[in-house]
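Next come the chains, spelled out residue by residue.
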Amino acid sequence: MGAGNLRITTRLAQGRAELHLLLNGPMEQAFYRGTGHRLSKLLRRSGATVTLALDSFCAEQAEYVQQLLDALAPYATRVSVWIDEHVRARLAVDSSTFHLMLSEPLADPRP
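This write-up is about the structure you can find in this document.

Bringing the overall build of the protein chain into the picture now. Helices and strands together make up the secondary structure of the protein chain, namely two helices and five strands. For the protein chain, the sequential pattern of α-helices and β-strands runs β-β-α-β-α-β-β. For the protein chain, the C-alpha radius of gyration of 13 Å lies close to 13 Å, the compact-globule estimate for 111 residues. Accessible area of the protein chain: about 6,100 Å², with a carbon and sulfur share of 51%.

In structure tokens, the structure reads:
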């Protein structure tokens, strides 16, 4: 595993940092764990916003993706989750917690 793609973009808008992550394909469990920890730290220490676009992942990785989302849940008011409609059924993403949007595959997460 670990042959996935990650695209990160950042921008400063109205004095607030915006971080956009597009995940496409399989990633190692350590990636999800480390990303959840680092994003939680960023959100805890700043007013930054995060957009997480999940285009595709293996069924075996649903647990790791869910752990990433669980790590971000305390900051959900500043987290948007774009998810491909084909992988939506694999995750329990609470739309009352996160700003959840269904997207086309490989959609650019920037508004």
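Three- or four-residue spacings in an α-helix give side chains the same orientation, since the helix completes a turn every 3.6 residues. Taking 1.5 Å per residue, 17 residues should reach 24 Å; helix H1 (residues 29–45) reaches 25 Å between its end C-alpha atoms and fits that length. Listing the buried residues of H1 in full gives Phe31, Tyr32, Gly34, Thr35, Gly36, Leu39, Ser40 and Leu43. Against the buried residues of H1 lie strand S1 (5–13), strand S2 (16–24), strand S3 (49–56), helix H2 (62–72) and strand S4 (79–84).

Let us now look at the packing of aromatic side chains. Evaluation of the coordinates by the stated rule reveals two aromatic pairs. Relative to Tyr32, the ring of Phe31 lies with its centre 5.4 Å away and its plane at 75°, an arrangement referred to as edge-to-face. We note that Phe31, like Tyr32, is buried. Here the aromatic cluster, defined as three or more aromatic residues joined through ring pairs, consists of Phe31, Tyr32 and Tyr64.

For Gln14, which is not a glycine, the phi torsion comes out positive at approximately 55°. Note that Gln14 resides in the loop between S1 and S2. Under the relative-accessibility criterion, Gln14 is labelled exposed at 86%.

Let us look at the environment of Val79. Inspection of the secondary structure assignment puts Val79 in strand S4. In the structure, Val79 is positioned 58 residues away from Leu21 in sequence and 11 Å away in space, judged by C-alpha atoms. Those residues within four positions of Val79 in sequence are excluded, and the remaining contacts are Leu43, Val50, Leu72, Phe98 and His99.

Attention shifts here to the pairing of S4. Along S4, six of the six residues are buried, which leaves the element largely enclosed by surrounding structure. The two faces of S4 match: Val79, Val81 and Ile83 on one face and Ser80, Trp82 and Asp84 on the other face are all buried. Pairing of S3 with S4, which is carried by five bridges, proceeds in the parallel orientation. Note that in S4 the partner of Thr51 across the bridge is Ser80. Considered for its hand, the β-α-β crossover made up of S3, H2 and S4 is right-handed.

Analysis parameters
Residues numbered from 1 in each chain as written. Predicted model: local features only at pLDDT ≥ 70, side-chain atom pairs only at ≥ 80, totals over all residues. Heavy atoms only, no water. Helix = DSSP H or I, 4+ residues; strand = E, 2+ residues; numbered from the N terminus. Rg over C-alpha atoms; globule rule 2.2 N^0.38 Å. Areas by Shrake-Rupley, 256 points an atom, 1.4 Å probe, with all protein chains shown as cover. Expected span 1.5 Å × (residues − 1). Buried < 20%, exposed > 50% of the residue type's maximum accessible area, 1.4 Å probe, protein only. Contact = heavy atoms within 4.5 Å. Phe/Tyr/Trp six-rings, centres within 6.5 Å; stacked < 30°, edge-to-face > 60°. Pairing = 2+ DSSP bridges. Right-handed = clockwise from strand over helix to strand, strands pointing away.

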